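Next come the chains, spelled out residue by residue.
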Amino acid sequence: MPGDFSMCLCLGPLPPPQLRRPSTGTLRPCLVPFPRPPDPRKKGVVFADALGLALTTVCHFSRPFFDEDPLVLALASLRALRPFSTSTYTLDFQPPAHDYTSFRAKLNKRQVCLEQCAVQGAAVAGTIKVRNLGYEKRVTLRVSYDDWQSYYDLPCTYLRDPYGGGEIDMFSFRLPLAPDTQQAEFCICFWCQGKEYWDNNEGKNYALHKE
């Protein structure tokens, strides 16, 4: 005899798929890393101790090195770095600062005096000291290569003198010597407050000659 038939269906999430592992070997990963090419911008670092070298260099200086006059050190460094020159020049005078007492007396009397001077290859370098008579001042070298048949004026450069104390100013100069120069003479002119003061080495000028 016919009858009603009913059934209850329960819907749920499907079970996760079962991945079977092969019986032999291991699973190979899906993502395989590929080696990257070396970056040419990267630089290697090698330390000195790995090469058997010292990491530091210690220099010891004696106290008299620091007590030396800065000008003497500057002239010494210029002498060490002077270019090769086949010409040799000799000063016909002794730099005034070698006799410091006489140099100070001359500076107080003349208001201007050559201090140091040395031949540096194809040039003569030196310093000049002047009395600080006013703010605006000018120092020039009057130079002649032909026994004063002609001459020209070479401007000097102001230098800060740590030992000047405000009463003394320092200037420097570099006098070039052409290859055909046989001799040269110069004197110093100091201009300040409308007046000129000269240092001409007691009338003999400062001279040098080619050996």
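For the structure itself, consult the block above.
Basis of the calculations
Residues numbered from 1 in each chain as written. Predicted model: local features only at pLDDT ≥ 70, side-chain atom pairs only at ≥ 80, totals over all residues. Heavy atoms only, no water. Helix = DSSP H or I, 4+ residues; strand = E, 2+ residues; numbered from the N terminus. Buried < 20%, exposed > 50% of the residue type's maximum accessible area, 1.4 Å probe, protein only. Contact = heavy atoms within 4.5 Å. Arc of directions from axis to C-beta. Phe/Tyr/Trp six-rings, centres within 6.5 Å; stacked < 30°, edge-to-face > 60°. Lys NZ or Arg CZ within 6 Å of the ring centre and 35° of its normal. Core = buried A, V, L, I, M, F, W, Y, C linked by side-chain atoms within 4.5 Å. Salt bridge = Lys/Arg side-chain N within 4 Å of Asp/Glu carboxyl O. Pairing = 2+ DSSP bridges. Axes fitted to C-alpha atoms, helices over the stretch in contact; angles between N-to-C directions.

On a plain count of helices and strands, the protein chain comes out with three helices and 10 strands. Moving toward the C terminus, one meets the helices and strands of the protein chain in the order α-α-β-α-β-β-β-β-β-β-β-β-β. Counting across all 211 residues of the protein chain, residues that qualify as buried make up 30%. Counted over contacts in the protein chain with a minimum sequence separation of 6, partners at least 24 positions apart contribute 61%.

Before going further, it helps to examine helix H3 (residues 100-110). Taken residue by residue, H3 has Phe 103, Lys 106 and Leu 107 as its buried positions. Looking down the long axis of H3, one finds its buried residues gathered within 100° of arc, a one-sided arrangement. Relative to its buried face, H3 has exposed residues pointing more than 90 degrees away, namely Thr 101 and Lys 109.

If you check the backbone angles, Trp 148 has positive phi at about 70° while not being a glycine. Mapped onto the secondary structure, Trp 148 falls in the loop between strand S4 (137-144) and strand S5 (152-155). Exposure remark for Trp 148: the relative accessible area of 28% places this residue in the partly exposed category. The phi dihedral of Asn 201 falls on the positive side, at around 55°, and the residue is not glycine.

Below, the discussion takes up the packing of aromatic side chains. Going through the model one piece at a time under the given rule, you end up with nine aromatic pairs. Ring centres of Tyr 145 and Tyr 152 lie 6.3 Å apart, and the angle between their planes is 20°; on these two criteria the pair is classed as stacked. An aromatic cluster is present here, built from Phe 93, Phe 173, Phe 186 and Tyr 206 joined pairwise through their rings. The ring of Trp 191 carries Arg 138 above its face, with NZ or CZ at 4.7 Å from the centroid.

Relative to the helices and strands, Thr 140 resides in strand S4. For Thr 140, a relative accessible area of 15% gives the class buried. Setting aside anything within four residues of it in sequence, one finds Thr 140 in contact with Leu 154, Pro 155, Cys 156, Cys 187, Ile 188 and Cys 189.

On to the nonpolar core, then. Of all hydrophobic cores here, the largest spans 25 residues; its most connected members are Leu 114, Ile 128, Leu 141, Phe 173 and Phe 186. Of all the secondary structure elements, the ones that give two or more residues to this core are strand S2 (112-119), strand S3 (123-131), S4, strand S7 (168-176), strand S8 (183-192) and strand S10 (206-210). It is S8 that contributes the most residues to this core, five residues altogether. Those residues in contact with Ile 128 that sit more than four places away from it in its chain are Val 112, Cys 113, Leu 114, Glu 115, Val 139, Leu 141, Cys 156, Asp 169, Met 170, Phe 171, Phe 173 and Ile 188.

Once that is clear, we can look at the pattern of salt bridges. Enumeration according to the criterion identifies five salt bridges in this entry. Salt-bridge contacts for Lys 129 lead to Glu 115; the nearest nitrogen and oxygen are separated by 3.3 Å. Note that Lys 129 is positioned in strand S3 and Glu 115 in strand S2, a separation of 14 residues in sequence. Residues Lys 129 and Glu 115 agree in their burial class; the two are buried. A salt bridge links Asp 169 to Lys 137, with the shortest nitrogen-to-oxygen separation between them at 3.0 Å. Of this pair, Asp 169 sits in strand S7 while Lys 137 sits in strand S4, and the two are 32 residues apart along the sequence.

Okay, the sheet that holds S3 next. The sheet built from four strands is open, its strands ordered S2-S3-S7-S6 with antiparallel pairing. Two strands bound the open sheet, and with one partner strand each, they are S2 and strand S6 (157-159). On average, each strand axis in the sheet is inclined to that of its neighbour by 25°, with strand direction left out of account. Running at roughly 130° to S2, H3 makes contact with S2, S3 and S7 of the sheet.

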